[in-house]
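Listed below are the residues making up each chain.
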Amino acid sequence: MSAVMEPTDPLAVADADAPAAARPLAPPRAHDAVSEPAWVRRTLIGLALAFLTLFLFVPLVSVFAQALAKGLDVYWAALVDSDAVSALKLTLIAAGVSVPLNLVFGVAAAWAIAKFDFRGKSLLLTLIDLPFSVSPVIAGLIYMLVFGLQGWCGEWLRDHDLKIVFAVPGIVLATVFVTFPFIARELIPLMQAQGQEQEEAARVLGASGWQILWRVTLPNVKWALLYGVILCNARAMGEFGAVSVVSGHIRGQTNTLPLHIEILYNDYQFAAAFAVASLLAGLALVTLVLKYIVERRAHAAFDLEKTQ
Amino acid sequence: MSTRALLLRRHSVLPGFNLSLGFALLYLCLVVLIPLSAVFLKTFTVSWSTFVGAAASPRVLASYRLTFGASLLAALVNGVFGLLVAWVLVRYRFAGKRVVDALVDLPFALPTAVAGIALTTLYASNGWIGRWLPFKVAYTPLGVFVALTFIGLPFVVRTVQPVLEDLQRELEEAAATLGASRLQTFAYVIFPALMPALLTGFALAFARALGEYGSVIFIAGNMPMVSEITSLLIITKLEQYDYTGATAIAVVMLVAAFALLLLINLLQAWARKRQGR
């Protein structure tokens, strides 16, 4: 078709040639080939931001807006309410026990897995991740089956007047379970990547095992360790499902902050529920900020290592 | 000697192997393995017909349909939008990008009960979002989907993002040189490279949604046969002191979760092979 047209219309030929001739003269724009037109970029950014706004930003903002909807007095009253204070105390106890326990476990597991080769290592790694795939409600259920009245130790515990479920120990145990892998998961990949050369050097220079741990290993992983602790703490303070099963919901005694929120909300005390919720949302934001800082530090340390 | 042969530990000059592994195993057994075995041991004590009666009654089956269906739908939506968000965060520059990037992890950090009451208030018929919608979201199965989409959001973004960052731009340049359009390059070069990570993120979001409780119960309305999720049914059975019924349902959900865990591990092995590591 064009072969027929070309001779009859010389202008068209000249037009078709012109851009081709001009192309090598245009400044080289390598990005054009591997980027999208501006309108595509803008549409994609707009779509992504619209989705995130609807599902992330609006819910987050609404927590604080609802908390302050009835004014600062109501907000403050909800926070200093005696049930809220005892819920806060219990939440701090649960986090205060489970974070150090899981920290010691995380360091021990990471030391064994990252510094030694042994059979069954990948099985151990899978088992450490197991609590992540157990739903919170089932995590609570398993402690009911062990310590509940119909459970394995139920009668023995009753005879000795010990309470685990529907009491503080059960809440702590459920929290330990759901936060179990957090610190180990942060430490193991990093310590595996770092290898054991520095530790071996320290050993050859006469350092004891504990000295190696304190002076060589832990300083090398301090940011990952800190981030693991932050994540573990955030989850420990916010855990709802597992704690809900074992708590028994006794006001002022076995309610953690998330359970207190549930009770207030179901009582139609929305402003108070959101006031307490805003505390936990604030904790979540602090967690995200710390994560951002830790990631930047880790990146900086990594870049420094590469340039050396 | 025999344990050492069994463990096949390579000789190392570093101390503390027995102590650290011993403590880790003991703690793992006490906190996770022994309590978790209680679920399965309890199941073995009941007859098959009792088990089926408890784990497959009409009300329980309805809860499976809702839980698996809503989780699948939420994971699919997260697959599409998670890929989009990861793409936009890695490839484009825009104002506030760092803040957006950091906030993607919000559903990980925000306690589920807080997410639950916030979403319920937003999507109630007089809420900020609900008042503009012509249909009901809160207290319907649609509400379950909204909550599960929220909690699964970071998984796809955070698994796809690093792979996209590591993707070699030379491959795309080569495709462009060979005459591929941008869409073709995406479909035949970029997307296949992202596929393992995308599937992993999808499976992680799905697995998380299956077990979710806190964010769903506020918005679901919890009507038996209609908007009652399986996790809530386990709690309902426990409150009626029906430990056998609760355990039977829990075993079904645990088996599903472990099957997904296996699938995720296989996907990640595939992804590593793809990346040539």
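Note that the coordinates shown come from a computational prediction; the quantities given were computed from them, not determined experimentally. (Residues numbered from 1 in each chain as written. Chains lettered and ligands numbered in written order. Predicted model: local features only at pLDDT ≥ 70, side-chain atom pairs only at ≥ 80, totals over all residues. Heavy atoms only, no water.)

A.B. asks: Please provide a residue-by-residue account of the pattern of salt bridges, values included.
C.D. replies: If you walk through the whole model with that rule in mind, you get 14 salt bridges over all chains. A single network of salt bridges, built from pairs that share partners, joins Glu36 of chain A together with Arg91, Arg169, Glu172 and Arg182 of chain B. (Salt bridge = Lys/Arg side-chain N within 4 Å of Asp/Glu carboxyl O.)

A.B. asks: I'd like a description of the interface of chain A and chain B, backed by residues and values.
C.D. replies: Listed by partner, the interface residues are 89 residues for chain A and 94 residues for chain B. Both faces considered, chain A and chain B share a buried interface measuring about 8200 Å² in area, 79% of it formed by carbon and sulfur atoms. Area buried by chain A at its contact with chain B is led by Val34, Phe51 and Phe55 of chain A, which between them contribute 8% of it. On the surface where chain A and chain B come into contact, there are two salt bridges. The shortest N-O distance in the salt bridge between Lys291 of chain A and Asp105 of chain B comes to 2.4 Å. (Contact = heavy atoms within 4.5 Å. Buried area = accessible area lost by both parts, 1.4 Å probe.)

A.B. asks: Tell me about helix α7 (residues 112–123) of chain B, and please be specific about residues and values.
C.D. replies: In this model α7 of chain B runs 16 Å from its N-terminal to its C-terminal C-alpha over twelve residues, within 8% of the 16 Å that 1.5 Å per residue would give. Among the residues of α7 of chain B, those classed as buried are Thr112, Ala113, Val114, Ala115, Gly116, Ile117, Ala118, Leu119, Thr120, Thr121, Leu122 and Tyr123 of chain B. (Helix = DSSP H or I, 4+ residues; strand = E, 2+ residues; numbered from the N terminus. Expected span 1.5 Å × (residues − 1). Buried < 20%, exposed > 50% of the residue type's maximum accessible area, 1.4 Å probe, protein only.)

A.B. asks: So, the confidence of the model for chain B: which residues are in play, and what are the values?
C.D. replies: Chain-level statistics for chain B give a pLDDT mean of 90 and a share of 95% at 70 or above. Predicted complex metrics record ipTM = 0.88 and pTM = 0.87. (pLDDT = per-residue confidence, 0-100.)

A.B. asks: Before we move on, could you go through the environment of Val34 of chain A and cite the residues and values that matter?
C.D. replies: When you line up the elements, Val34 of chain A lands in the loop between α2 (10–22) and α3 (38–67). By relative accessible area, which is 3% here, Val34 of chain A ends up buried. Among residues more than four places away in sequence, those in contact with Val34 of chain A are Arg169, Glu172, Glu173 and Arg182 of chain B.

A.B. asks: Just give me the short version of the packing of α3 of chain A against helix α8 (residues 141–166) of chain B, but keep the residues and values in it.
C.D. replies: Interhelical geometry of α3 of chain A versus α8 of chain B gives an angle of 105° and a closest axis separation of 10 Å. In terms of axis orientation, α3 of chain A runs roughly perpendicular to α8 of chain B. Facing α3 of chain A, whose interface residues are Phe51, Leu52, Phe55 and Leu56 of chain A, α8 of chain B presents Val146, Thr149, Phe150 and Leu153 of chain B. Class assignment for the residues of the contact of α3 of chain A with α8 of chain B results in seven nonpolar, one polar and no charged. (Axes fitted to C-alpha atoms, helices over the stretch in contact; angles between N-to-C directions. Parallel < 35°, antiparallel > 145°, perpendicular 65-115°, else oblique. Nonpolar A, V, L, I, M, F, W, Y, C, P; charged D, E, K, R; others polar.)

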